[in-house]
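Coordinate inspection notes
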Amino acid sequence: MEYVDVSDAIALSGLRLVLTAGVPGPWGEAAKAIFQVKEIPFTPVRQTAGEQNRELLEWTGQSGAPAAMYGDERPRTGWAEILLLAERLSPEPRLIPADAEERSTMFGLCHEICGEEGFGWSRRLMIFDPILRAGTIDKSNPFPWKYGYSPAAADAAAQRVVDLLAMFAARLHRQQANQSRFFIGAGLTAADLYWAAFASMLVPMPAPRCPMTDSMRDLYDIHAAARPVEFDPILLEHRDYVYDTFVGLPMDF
């Protein structure tokens, strides 16, 4: 992916999407997928993992990714903010159900995938737990503070991942029994795109589809975790269906 630097992006118009360069971060990949499905063009802006990203902090109010900047509007850095911006810029195809009950269900599922204490949050605690227990992470790294890390929090996160995976799989099985390939209703919603992106934190797609380094692949693979977790194959089947049918491959980051 061809990135521009923050200093250049500030002067641009339209939609600019801050992403972690060279890393398939699930929050960023989900934001990309939403804009791609809606055919909303954006300029990728470089955020570098492990650096202070001071220009980015001054521009968006935070140093991480993703962040969506549209025109002179305020920064959107949360998953729901980015989704709502995309829905406003291109109402079709609709990714938030019109039905109020389905809408609330979708936002609840999305939170359990990518919100605080959701699947992605909990997996990050699992991934960094062995490093933090060994004391090999740089003390200036903001991760422990941002995610409320403690050994007890990491233990709780591992069990939460088990519970969430069981819930996601059970819902997909119920939907398939009703002749649907989607988490909600009969069509694609943001919940499907968010899960497809975050499923990389179970087992990444093969290298031709997701060209990541071996070391990062090991970090993302839940079978290689300090506490491996088994899961229903339907979760990866759903991811592959969404990428093959709606998003496209190979991943480019």
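A separate point is the sheet that holds strand β1 (residues 15–20). A sheet is described by the order of its strands in space; here three strands give the open sequence β2-β1-β3, paired in mixed fashion. Looking at strand neighbours, the two that pair on one side only are β2 (43–47) and β3 (67–70), the edges of this open sheet. Averaged over all pairs of adjacent strands, the angle between their axes in this sheet comes to 25°, without regard to strand direction. Against the sheet, helix α4 (residues 79–89) contacts β1 and β3, and its axis sits at roughly 35° relative to β3.

Okay, the packing of α4 against helix α5 (residues 100–114) next. Geometrically, a packed helix pair is captured by the angle between its two axes and the distance between the axes. Packing of α4 against α5 leaves a shortest axis separation of 11 Å and a crossing angle of 135°. When the axes of α4 and α5 are compared, the pair comes out oblique. Contacts from W79, A80, L83 and L84 of α4 reach α5 at R103, M106, F107, C110, H111 and C114. Its residues assigned to classes, the contact of α4 with α5 shows eight nonpolar, one polar and one charged.

All chains considered together, the criterion is met by 11 aromatic pairs. Centre to centre, the rings of W121 and Y147 are 4.6 Å apart; their planes meet at 50°, and the pair counts as tilted. Placement of W121 in helix α6 (residues 119–134) and of Y147 in helix α7 (residues 143–147) is noted, with a sequence separation of 26 residues between them. Take W121: its relative accessible area is 16%, and that puts it in the buried class. Chaining the aromatic ring pairs together yields one cluster made of F119, F168, F183 and W195. Geometry around Y241 places R181 over its ring, the cationic atom sitting 3.9 Å from the centre.

Our focus in this paragraph is helix α2 (residues 26–37). For an α-helix, 3.6 residues make a turn, and residues three or four places apart therefore share a direction. Taking 1.5 Å per residue, 12 residues should reach 16 Å; α2 reaches 16 Å between its end C-alpha atoms and fits that length. Of all the 12 residues making up α2, 11 are buried; the element is thus mostly covered by neighbouring parts of the structure. Taken together, the buried positions of α2 are occupied by P26, W27, G28, E29, A30, A31, K32, A33, I34, F35 and V37.

Below, the discussion takes up the nonpolar core. With 78 residues, the main nonpolar core has F119, L165, F168, Y194, W195, F198 and L235 as its most contacted residues. Take this core: its biggest share by element is nine residues, from helix α8 (residues 151–177). Among residues more than four places away in sequence, those in contact with F198 are P26, W27, A30, I113, C114, F119 and G120. V18, V45, L56 and A67 belong to the second-largest nonpolar core, a separate cluster that totals eight residues.

Cut-offs applied
- Residues numbered from 1 in each chain as written.
- Predicted model: local features only at pLDDT ≥ 70, side-chain atom pairs only at ≥ 80, totals over all residues.
- Heavy atoms only, no water.
- Pairing = 2+ DSSP bridges.
- Helix = DSSP H or I, 4+ residues; strand = E, 2+ residues; numbered from the N terminus.
- Axes fitted to C-alpha atoms, helices over the stretch in contact; angles between N-to-C directions.
- Contact = heavy atoms within 4.5 Å.
- Parallel < 35°, antiparallel > 145°, perpendicular 65-115°, else oblique.
- Nonpolar A, V, L, I, M, F, W, Y, C, P; charged D, E, K, R; others polar.
- Phe/Tyr/Trp six-rings, centres within 6.5 Å; stacked < 30°, edge-to-face > 60°.
- Buried < 20%, exposed > 50% of the residue type's maximum accessible area, 1.4 Å probe, protein only.
- Lys NZ or Arg CZ within 6 Å of the ring centre and 35° of its normal.
- Expected span 1.5 Å × (residues − 1).
- Core = buried A, V, L, I, M, F, W, Y, C linked by side-chain atoms within 4.5 Å.

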